[in-house]
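Structural overview for review
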Protein chains: 2
Amino acid sequence: MEQNQTIKPYVIGLDLGGTNSVFGIVDARGDIKAMTAIKTVGFTSAEDFVAASVQALQPIIEEVGGIETIKAMGIGAPNGNYYKGTIEYAPNLPWAHDIVVPLADMFSRSLGIPVALTNDANAAAIGEMTYGVARGMKDFIMLTLGTGVGSGIVTGGKLLYGCNGFAGELGHVVVRRDNGRTCGCGRKGCLETYCSATGVARTARELLATDQRPSILRGLDPEKITSLDVSIAAEKGDELAQEIYQFTGHLLGEACANFAAFSAPEAFIFFGGMTKAGDLIMNPIKESYQQHVQGLFKDAQFLVSGLDGSNAAVLGASAVGWEI
Amino acid sequence: MEQNQTIKPYVIGLDLGGTNSVFGIVDARGDIKAMTAIKTVGFTSAEDFVAASVQALQPIIEEVGGIETIKAMGIGAPNGNYYKGTIEYAPNLPWAHDIVVPLADMFSRSLGIPVALTNDANAAAIGEMTYGVARGMKDFIMLTLGTGVGSGIVTGGKLLYGCNGFAGELGHVVVRRDNGRTCGCGRKGCLETYCSATGVARTARELLATDQRPSILRGLDPEKITSLDVSIAAEKGDELAQEIYQFTGHLLGEACANFAAFSAPEAFIFFGGMTKAGDLIMNPIKESYQQHVQGLFKDAQFLVSGLDGSNAAVLGASAVGWEI
C-alpha cells in the first residue's frame, strides 16, 4: 500500500482503566481501524506497563501501515494531568498510586510520536466534540454518570483546564448543605454522592428504609442493590424505583441550572451507564432544569452521548490526540 | 506634537451607569489622560445619547492629539451583550429599557474607530487583567459586590462568554435551597440575595429581629440600614455587626469553593463598595473557603481589586478596547 508521507490519517487512543487498558487506532471520522488491550494491573513499574503496551501496539500499528501513518496518541486516564502529561497518585493503579508518572513523555519516547493525556471525563468531552453529538459546538458541559460523577467543560471550543489542569470537578460541587451525604473526597453533600450509580443505590436504600410502599426492590438484598436494579424496576412501573430517578434527576437539573450561570453552555451532554435509563432519568433532569434555571439559559439542550458505548472511552482518548 | 501614525497609544473607556456616563482616554499602563462625563438619562433615544457623547468627547480627543491617536473604544454597560455589541432591555436606561440598542455599532460609525461592549462585571475583570492585580493571570474569577453581585470569569487568559454572551452570572447561582431569599430575578436563594450590599442590609434586619443582643444598629431605622452602617458598627467592635459579616463571608467562601471546582482559578478577586470592609469580610471568606473547598483547589488566592476605586469602572471599560 502506498502511503502519502505528508498525511498521517490515524491517531492512537488509550483508555487506561483500573482493570484494562484498551488501545484503538482511529481515523478522523471516529472509525476504529484496529484494537488491542492489555491488563492495566500486574506490572510493578510504569516502565513495564509502557513496554508491554508498545509490544501490544506493534502488530496493530503495522496493520494500518506503520508508525508513519500515525499523527499522535491520546490517553484518557484517572487522575490524568493534561498540563504535565502525568498520572498523579492514582489510587487504583498499583504502579502509580503513590507517585507522579510522566506517562505521556514515556509513550512519546517509546513510539516517537507526540502524546497528550487527560482525565477520562475530559477525554469523553473531547471525543463528543470530535466524533459525537457536540460536533460544531463551542460551549457545552459533559457529565459522566458512572461509579462517580465526572465532568468535562468546553468553552469557546476548548476544554477548560484552569490554573492547575483540574478544572471541571463538577461531581464535587456541594449540592446539599444540611445533612449532606459523606463523599469519598472527605466532604459532605457532593453531587456525586447523589447522582452517580452508587448515589442512586444509596437513595434506593434510604427510600426503602423510610417509605412503606411495596416495591420490586424489596426482594433484593439492600446492600447489593445497583442503579441497574433500580432502572429495571422503574421500567416495569415500580413507583418507588421511579421516584428514585425523579429524585436523582431533580438534583441533576438543579445542579445544571447553577452550572449554566457559570459558562452559559449550549448543551449538557450525559454519558455513562446511568444514561441507559433513558427518559426515566433525562425527563426529570430537563423538568427540574426548566424549573430552576435563570431565563437567560433556558434554551440549553439536554443530550445523551452520541458515541458507541463500548468504544466511547477509546474514541474519547483518541480525540485528545487530534488536539495536539 | 508630532505623532507616529502607526502607533495609537490610547483607548476610550465608557462606564455607562444608570445615572452618569463617564468617559476616559487611557494609555496602555492604565493612566487616564483625560476624562469627561454626561448624564445617562434625559435622552429620548439612543441616537441622542450617542450624539451628546460624541460632542462631549471631542475636546478630550483633541487634548490627547486627535482621533488618530485612539485605537478603539470599550464600553462597560448594564445588560451589555459582547457578541452583538448591544444593550438589551436594560431596565434602568430610559432609552434602552424595552429595546435592543446596537450601541457599539453606533459609536463606531460616529467616531470611526472599532468599539466593543460588555457588561460591567466583565469589564471589571478585563480591567483587572490589563492594569490591576490580575496582570499575568490566565485563570481567575472577579466578583463585584455592589447593589447586586456580578461576576467576570477569565479562563486561559480570555473572558468566558458562553454560547450567548451571558456566561458568568454567579450572583444568580442558588446557594440556599430551603427557604432561600426571594431574588429580583424571580427565583429564590441566589447568592446575590445574601452577599450584595442589599443582602447584607437584609441580613442585618433579620438578625436584629431574631437576636436579642445589644447593638449600635438598633439605633437606626431598620428599613434604612445599609451595608456601610454595618461595616462602621463592626469596626467599632459591635458583635452583631461582626456576625453579619461572618455570615456573609461564610456564604461567599462556600460559593467560591463550588466555583473553584468549575474553573480551577488561581485567584478570586473582589471589587465594589463592600470590599471597603476589608478583613471584616475577606477573613471570613478565606476561612470558609478553606473549610469547604476540595484539596485540589486550596491554593487559590483571595485578593481585593487593584484598581483605583473611583476610576475602576472607566479603566475596566477602556481595557475592553485593548482586547479588540
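Just so we're clear, the structure is a prediction, and the values are computed from it rather than from any experiment.

Moving on, we get to the relation of the copies chain B and chain A. The two copies are related by a screw motion: chain B maps onto chain A through a turn of 180° and a shift of 0.0 Å along the axis, at an RMSD of 0.0 Å. What the rotation and shift describe, once combined, is the action of a two-fold rotation axis. An overlap of 100% is found between the interface residues of chain B and their copies at the interface of chain A, pointing to a shared contact surface.

Contacts between chain B and chain A engage 35 residues on the former and 35 residues on the latter. Around 2,900 Å² of area is buried between chain B and chain A when both sides are counted, 58% of it from carbon and sulfur atoms. Of all residues in chain B, Arg177, Asn258 and Phe262 of chain B bury the most surface against chain A, accounting for 26% of the area lost on that side. If you look at where chain B meets chain A, you find two salt bridges. For Arg177 of chain B, the salt bridge goes to Glu254 of chain A, with nearest N and O atoms at 3.4 Å.

With that settled, consider the nonpolar core. Within soluble globular proteins, side chains that are nonpolar tend to cluster in buried spots. One finds Phe259, Phe268 and Tyr289 of chain A together with Phe259, Phe268 and Tyr289 of chain B to be the most contacted residues of the largest nonpolar core, which totals 99 residues. The contact partners of Phe259 of chain B, leaving out residues within four places of it in the chain, are Phe262 of chain A together with Ile141, Leu143, Leu170, Val173, Leu191 and Phe268 of chain B. Counting residues in each nonpolar core, the second largest holds 37 residues, with Ala34, Phe43, Val50 and Leu117 of chain B among its members.

Another point: the packing of helix H5 (residues 197–210) of chain A against helix H7 (residues 239–263) of chain A. All names here are of chain A. Two numbers describe how H5 lies on H7: the axes approach to 10 Å, and their chain directions differ by 125°. Of the possible angle classes, the one that applies to H5 and H7 is oblique. For H5 against H7, the interelement crossing comes out right-handed. Contacts between H5 and H7 pair Val200, Thr203, Ala204, Leu207 and Leu208 from the former with Leu240, Glu243, Ile244, Phe247 and Thr248 from the latter. In the contact of H5 with H7, the residues fall into seven nonpolar, two polar and one charged.

For the rest of this paragraph, the subject is the sheet that holds strand S7 (residues 100–101) of chain B. All names here are of chain B. One open sheet holds the three strands; their spatial order is S5-S6-S7, and the pairing between them is antiparallel. Edge positions in the sheet fall to strand S5 (80–81) and S7, since each has one partner strand and no second. As defined by bridge partners, strand S6 (residues 86–88) adjoins S7 across two bridges and the pair is classed as antiparallel. Directly across from Glu88, in S7, lies its bridge partner Val100.

The next thing to look at is the state of the cysteines. This model, assessed by the stated rule, comprises zero disulfides over all chains. Free cysteine Cys183 of chain B: the closest other cysteine sulfur is in Cys185 of chain B, separated by 3.8 Å.

What follows concerns the confidence of the model for chain A. On average, residues of chain A score 93 in pLDDT, and 98% of them reach the 70 mark or higher. Taken together, the chains of this predicted complex give a pTM of 0.92 and an interface ipTM of 0.91.

Right, let's talk about the pattern of salt bridges for a bit. Enumeration over the complete set of coordinates arrives at 16 salt bridges over all chains. Taking the shortest distance from any N to any O, the salt bridge between Asp27 of chain B and Lys33 of chain B comes out at 3.7 Å. Taken together, the salt bridges that share partners define one network made up of Asp211, Arg213, Glu239 and Glu243 of chain A.

Next up on the list: the sheet that holds strand S12 (residues 267–271) of chain A. Residue and element names in this part refer to chain A. Here five strands make up an open sheet; going across it, the order is S11-S10-S9-S12-S13 and the pairing mixed. At either margin of the open sheet sits one strand with a lone partner, and together these are strand S11 (158–159) and strand S13 (301–304). Looking at chain direction, strand S10 (residues 149–155) and S11 are connected through two bridges and run antiparallel. Note that in S11 the partner of Thr155 across the bridge is Lys158.

Quick look at the packing of aromatic side chains now. Within this structure, the stated rule accounts for 25 aromatic pairs over all chains. Here Tyr83 of chain B and Tyr161 of chain B contribute two aromatic rings whose centre-to-centre distance is 5.9 Å and whose plane-to-plane angle is 55°, an arrangement assigned as tilted. In this pair, Tyr83 of chain B sits in the loop between S5 and S6 while Tyr161 of chain B sits in the loop between strand S11 (158–159) and helix H4 (192–195), placing the two residues 78 residues apart along the sequence. Judged by its relative accessible area of 47%, Tyr83 of chain B is partly exposed. The buried category is assigned to Tyr161 of chain B, whose relative accessible area is 8%. A connected cluster of aromatic rings, assembled from ring pairs, spans Phe43, Phe49, Trp95 and Phe107 of chain A.

With that settled, consider unusual backbone geometry. All names here are of chain A. At Asn79, a residue that is not glycine, the phi angle is positive and equals roughly 55°. Inspection of the secondary structure puts Asn79 in the loop between strand S4 (70–76) and strand S5 (80–81). Positive phi outside glycine occurs at Asn179, with the angle close to 55°. On the basis of relative accessible area, Asn179 is assigned to the exposed category, the value being 79%.

All names here are of chain B. In this model helix H1 (residues 46–63) runs 26 Å from its N-terminal to its C-terminal C-alpha over 18 residues, within 8% of the 26 Å that 1.5 Å per residue would give. Of all the bends in H1, the greatest reaches close to 35° and is centred on Leu57; the proline Pro59 follows between one and four positions later. Within H1, the full set of buried residues consists of Ala46, Phe49, Val50, Ala52, Ser53, Val54, Ala56, Leu57, Ile60 and Ile61. Residues of H1 that are buried sit in contact with strand S1 (10–16), strand S2 (20–27), strand S3 (32–39), strand S4 (70–76), S7 and helix H2 (103–111). Of the residues one or two after H1, Gly65 is the one with positive phi, at around 115°.

Topologically, Ser263 of chain B is positioned in helix H7 (residues 239–263). You can call Ser263 of chain B buried: its relative accessible area is 2%. Beyond its immediate stretch of four places on either side in the chain, Ser263 of chain B contacts Leu160, Gly162, Cys163, Ala167 and Phe262 of chain A together with Ile141, Ile153 and Thr155 of chain B.

Residues and elements named next belong to chain B. Taking 1.5 Å per residue as the helical rise, helix H3 (residues 120–131) with its 12 residues ought to reach 16 Å, and the 16 Å between its terminal C-alpha atoms agrees with that figure. Most of H3 sits out of view: 10 of its 12 residues are buried. For H3, every residue scored as buried is listed here: Ala121, Asn122, Ala123, Ala124, Ala125, Ile126, Gly127, Glu128, Met129 and Tyr131. The N-terminus of H3 is capped by Asn119, whose side-chain oxygen sits 3.0 Å from the backbone nitrogen of Ala121.

What follows is about the side chain of Asn119 of chain B. All names here are of chain B. For Asn119, the position within the fold is in the loop between strand S8 (115–118) and H3. For Asn119, a relative accessible area of 12% translates into the label buried. For Asn119, the side chain forms a polar contact with the main-chain nitrogen of Ala121, separated by 3.0 Å. Discounting residues that sit within four places of it in the chain, Asn119 has contacts with Ala77 and Gly80.

All names here are of chain A. Looking at the element boundaries, Asp238 is found in the loop between helix H6 (227–235) and H7. For Asp238, a relative accessible area of 7% gives the class buried. A C-alpha to C-alpha distance of 54 Å links Asp238 and Ser110, two positions 128 residues apart in sequence. The contacts of Asp238, once residues within four sequence positions are left out, are Ser215, Ile216, Leu217 and Ala233. A distance of 2.7 Å separates the side chain of Asp238 from the backbone nitrogen of Ile216, its partner in a polar contact. Polar contacts involving the side chain of Asp238 include one to the main-chain amide nitrogen of Leu240, which spans 3.3 Å.

Cut-offs used in this document
Residues numbered from 1 in each chain as written. Chains lettered and ligands numbered in written order. Predicted model: local features only at pLDDT ≥ 70, side-chain atom pairs only at ≥ 80, totals over all residues. Heavy atoms only, no water. Least-squares fit on C-alpha atoms with pLDDT ≥ 70 in both. Contact = heavy atoms within 4.5 Å. Buried area = accessible area lost by both parts, 1.4 Å probe. Salt bridge = Lys/Arg side-chain N within 4 Å of Asp/Glu carboxyl O. Core = buried A, V, L, I, M, F, W, Y, C linked by side-chain atoms within 4.5 Å. Buried < 20%, exposed > 50% of the residue type's maximum accessible area, 1.4 Å probe, protein only. Axes fitted to C-alpha atoms, helices over the stretch in contact; angles between N-to-C directions. Helix = DSSP H or I, 4+ residues; strand = E, 2+ residues; numbered from the N terminus. Parallel < 35°, antiparallel > 145°, perpendicular 65-115°, else oblique. Left-handed = near helix turned anticlockwise from the far one by under 90°. Nonpolar A, V, L, I, M, F, W, Y, C, P; charged D, E, K, R; others polar. Pairing = 2+ DSSP bridges. Disulfide = S-S within 2.5 Å. pLDDT = per-residue confidence, 0-100. Phe/Tyr/Trp six-rings, centres within 6.5 Å; stacked < 30°, edge-to-face > 60°. Expected span 1.5 Å × (residues − 1). Bend = angle between axes of the 7 residues up to and from the residue. Polar contact = N/O pair within 3.5 Å; in protein donor to acceptor, adjacent residues only side chain to side chain.

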